[in-house]
Amino acid sequence: MEINELTPAERQVWEAFPTGTAVDLADSPEQAVRASVLRALMLNGPRRDGEIPGLKVSGARITGVLDVQYGTVETYVRLSQCRFDEVPRLYGSRFRQLNLTGSELPGLAAATLCVEGVLRLTDCRFRGPVGLAGSQISGALFIDRAEFQAADDGEEPALRLNHSSIGEDLVASWTRVRGRMVVNDATVAASVNLHDATLENPGGTALDAETLSISSDLHARRLTALGRVSLRGIQVPGRLDLSYARLSHPGHTALQASSSMIGELWLNGAEPLEGSLNLRRAQIEHLRVDPETLATAVRLNGLTYTMLTPHVPAERMLPVLERDIDGYVPYAYEQLTAAYLRVGDDHAARVVQLAKQRRLRRTRAWYGRLWGYVQDVTVGYGFRPLRACAWLVSLLALGSIAYALHEPPPLKAGEHPDFNPVFFTLDLLLPVISFGQEGAFAPEGGYQALSYALVITGWILATTVVTGVTRAVSRQ
């Protein structure tokens, strides 16, 4: 391109390129710079011995299509606070560094883009889809405080980062995305920052990050997501922090993290989910959640966690298990029991196991439910052993008084021990112990019926106590 073909603004940019001098056209009467001029500088701009070239332009209006598809740009490029008339085409291109901070663009077509350093889109305003699928960014990707807008038909995601690889951090704090944000199958070698971000796609998927792999943490405090947040199969060895977040997808799944592997999942302080939570088959070392956050339906079958905080009474956690969409899930009760046992709260663990038996009882036939009620009332399925003592003492007192007032006749006159109403009642109640009273005396009439009732009750109490002790031993 000949220099005499350039406008005054373009000539200023051209002459500044060999030395990497910054050009600010924000207050210039002429701000228009043709995209073809910028392309010529990027691919084959003039050089000067002993100087480091660079394209540094701010405040310009870039007309035409900036088409660098499959090209290699070996110099630093910064087009900040610029306005693009057309969508830049950077498909398959290679950049040393690319900085578009504060610019306004109708979109960005940059799939399989390769950046050897940092890609900076901070404070950018995109009026159409941004395609960065399959991009390779050796440094960090900054999209903090940027705004992304999907196409009017809503079919194309507002931001596409799927299958991309980022060598350092992905910084997206205070970002606003209207439409889908797609990051599935991407790899981030450091952390992801979504603090205070807003993702809006009501009725659809706001964040698609399935099988996203992060080497460190995913920070998303105060995240607002209107639409489904899909983290299925995500790998976060550090912390996935959704503290104080608002996740809303009424009538559907608000947060899906099934089959994921997470070091710590924080949901403390978050607003109650407007939609269900799916953690099926997830593996989490530390689950930090307020029970009130999970006020709607959940799916917890196969969820494995080591530590549960904050430590709250079992009565506050049990309603969460009751809301499982899959119905009765024994594994969920066992996981909660194990979490309480790890911190030494045996009482809470027993409360959870008792609730598990009561939930199981509702799934059985009428005779199974009847036997369950008997075990519950008598000894609380073995988790309330003092109830058996109370029943035994009460029945012992009843039988002792009844037989003291109406001594039963002996079976053989002159061949019987002295009658003792207390030990006679104990003989009836305790099936494995004999004091020699039951076989020597024979109650009659209603007292005979009372003896039968005491024998049956004794067997029931003994059976339920043995069942409870066996269950407790097997848990240990």
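All of the points below concern the structure found in this document. Worth saying up front: this structure is predicted, and the values here are computed from it rather than measured.

### Details of the environment of S165
Then step 1. Looking at the element boundaries, S165 is found in strand β18 (residues 165-166).
Then step 2. The contact partners of S165, leaving out residues within four places of it in the chain, are S135, Q136, I137 and T187.

### A few points about a nonpolar patch on the surface
Then step 1. Among the surface-exposed residues, V422, F423, V432, I433 and F435 lie close enough to one another that they form a single nonpolar patch of about 440 Å² accessible area.
Then step 2. Structurally, the position occupied by V432 is in the loop between α8 (421-429) and α9 (446-475).

### Some points on the pattern of salt bridges
Then step 1. A full pass over the atoms with the stated rule returns 21 salt bridges.
Then step 2. The partner of R125 in a salt bridge is E147, with the nearest N and O atoms 3.8 Å apart. Separated by 22 residues along the polypeptide, R125 in strand β12 (residues 125-126) and E147 in strand β16 (residues 147-149) bring together distant segments of the chain.
Then step 3. The shortest N-O distance in the salt bridge between R176 and E200 comes to 2.6 Å. Of the two residues, R176 sits in strand β20 (residues 176-178) while E200 sits in strand β24 (residues 198-208), which places them 24 residues apart along the sequence.
Then step 4. The class for R176 is partly exposed, based on a relative accessible area of 33%.
Then step 5. What you see here is one network of salt bridges that share partners, running through R221, R239, D241 and E264.

### Regarding helix α5 (residues 346-361)
Then step 1. With 16 residues, α5 extends 23 Å between its outermost C-alpha atoms, agreeing within 8% with the 22 Å of an ideal straight helix rising 1.5 Å per residue.
Then step 2. In terms of residue burial, α5 counts as a mostly covered element, since twelve of its 16 residues are buried.

### What about the packing of helix α4 (residues 330-342) against α5?
Then step 1. Where α4 contacts α5, the axes come no closer than 8 Å and their chain directions differ by 170 degrees. What the angle tells us is that α4 and α5 run roughly antiparallel. Within the contact between the two elements, α4 uses P330, Y333, E334, L336, T337, Y340 and L341 and α5 uses D346, A348, A349, V352, Q353, A355, K356 and R359.
Then step 2. Looking at the contact of α4 with α5, its residues break down into nine nonpolar, two polar and four charged.

### A look at the packing of helix α3 (residues 314-322) against α5
Then step 1. Contact geometry for α3 and α5: axes closest at 10 Å, N-to-C directions at 30 degrees. Comparing the axis directions of α3 and α5 gives the class roughly parallel. When you trace α3 past α5, the crossing you get is right-handed. Packed against α3, whose contacting residues are A314, E315, L318, L321 and E322, the element α5 presents A348, V351, V352, A355 and R359 at the interface.
Then step 2. Looking at side-chain class alone, the contact of α3 with α5 contains seven nonpolar, no polar and three charged residues.

### Some remarks on the environment of Y340
Then step 1. In this fold, Y340 is placed in helix α4.
Then step 2. C-alpha separation for the pair Y340 and A314, spaced 26 residues apart in sequence, amounts to 8.5 Å.
Then step 3. Once residues lying within four places of it in the same chain are set aside, the contact partners of Y340 are H311, V312, P313, A314, M317, D345, A348, A349 and V352.

### Quick look at the packing of aromatic side chains
Then step 1. Using the criterion set out here, one finds eight aromatic pairs in the structure.
Then step 2. Taking the centre distance of 5.6 Å and the plane angle of 75 degrees together, the rings of Y70 and Y91 count as edge-to-face. Residue Y70 is found in the loop between β4 (61-63) and β5 (72-80), and its partner Y91 is found in the loop between β6 (83-84) and β7 (94-99); the two are separated by 21 residues along the sequence.
Then step 3. By relative accessible area, Y91 is classed as partly exposed at 35%.
Then step 4. Aromatic side chains F419 and F441 sit 5.0 Å apart centroid to centroid with 75 degrees between the ring planes, which places their arrangement in the edge-to-face category. Remark: F441 occurs in the loop between α8 and α9 and F419 occurs in the loop between α7 (385-405) and α8; sequence separation between them is 22 residues.

### Observations concerning the pairing of strand β27 (residues 224-230)
Then step 1. Relative to β27, β24 runs parallel, the two being bridged by six bridges. Bridging across to β27, L207 finds its partner in V229.
Then step 2. Note that β27 and strand β29 (residues 246-256) share five bridges and pair parallel. Bridge pairing links T224 to R246 in β29.

### Focus: the nonpolar core
Then step 1. Ranked by size, the top nonpolar core spans 116 residues in total, and within it L55 and L79 carry the most contacts.
Then step 2. In terms of residues, this core owes the most to one element, α5, which gives six residues.
Then step 3. Setting aside residues no more than four positions away along its own chain, L55 makes contact with V13, F17, L38, L41, M42, Y76, V77, R78 and L79.
Then step 4. By size, the runner-up hydrophobic cluster in this structure holds ten residues, among which are L395, F424, L428 and L454.

### Comments concerning the pairing of strand β32 (residues 283-288)
Then step 1. In the sheet, strand β30 (residues 261-266) pairs with β32 via five bridges, with the strands oriented parallel. The partner of I262 across the bridge, within β32, is I284.
Then step 2. Looking at chain direction, β32 and strand β34 (residues 304-309) are connected through five bridges and run parallel. Counted as the bridge partner of Q283 is T304 from β34.

Rules of the game
- Residue positions are given per chain, counting from 1 as you read along its sequence in written order.
- pLDDT decides what is reported in this predicted model: residues at 70 or higher carry local features, side-chain atom pairs at 80 or more are listed and counted, and totals for whole chains, interfaces and linings draw on all residues regardless.
- Based on all heavy atoms of the structure, the side-chain values leave hydrogens and waters out of the count.
- Helix and strand labels come from DSSP, where a helix needs a run of H or I of at least four residues and a strand needs a run of E of at least two; each type is numbered from the N terminus.
- For this analysis, residues touch if any pair of their heavy atoms sits within 4.5 Å.
- Patch members must show over 30% relative accessible area and no salt bridge, and they are joined within 9 Å when carrying like charges or within 5 Å when they are nonpolar side chains of Val, Leu, Ile, Met, Phe, Trp or Tyr.
- Values of accessible area rely on a 1.4 Å probe in the Shrake-Rupley scheme; residue burial ignores everything except the protein chains shown.
- Whenever a carboxyl oxygen of Asp or Glu lies within 4 Å of a side-chain nitrogen of Lys or Arg, that contact is scored as a salt bridge.
- Burial classification: accessible surface area is computed with a 1.4 Å probe over protein chains only, and a residue below 20% of its type maximum counts as buried, one above 50% as exposed, and the rest as partly exposed.
- To estimate the expected span of a helix, subtract one from its residue number and multiply by 1.5 Å.
- Whenever a helix is involved, its axis is fitted only over the stretch in contact; in every case the axis is a line through C-alpha atoms, and angles between N-to-C directions fall within 0 to 180 degrees.
- Our angle categories are set so that under 35 degrees counts as roughly parallel, over 145 as roughly antiparallel, 65 to 115 as roughly perpendicular, and the remainder as oblique.
- Following the grouping adopted for this structure description, the nonpolar residues are Ala, Val, Leu, Ile, Met, Phe, Trp, Tyr, Cys and Pro, the charged ones are Asp, Glu, Lys and Arg, and the polar ones are all others, Gly among them.
- Note on convention: the crossing is left-handed when the near helix lies turned anticlockwise from the far helix by less than a right angle, right-handed when the turn is clockwise.
- Each Phe, Tyr or Trp ring (for Trp, its six-membered ring) is paired with any other whose centre lies within 6.5 Å, and the angle between the two planes then decides the class: stacked below 30 degrees, edge-to-face above 60, tilted in between.
- Only strands that DSSP links by at least two bridges are regarded as paired with each other.
- Within this scheme, the nonpolar core is defined by two criteria: the residues are buried Ala, Val, Leu, Ile, Met, Phe, Trp, Tyr or Cys, and they are joined through side-chain atoms within 4.5 Å.

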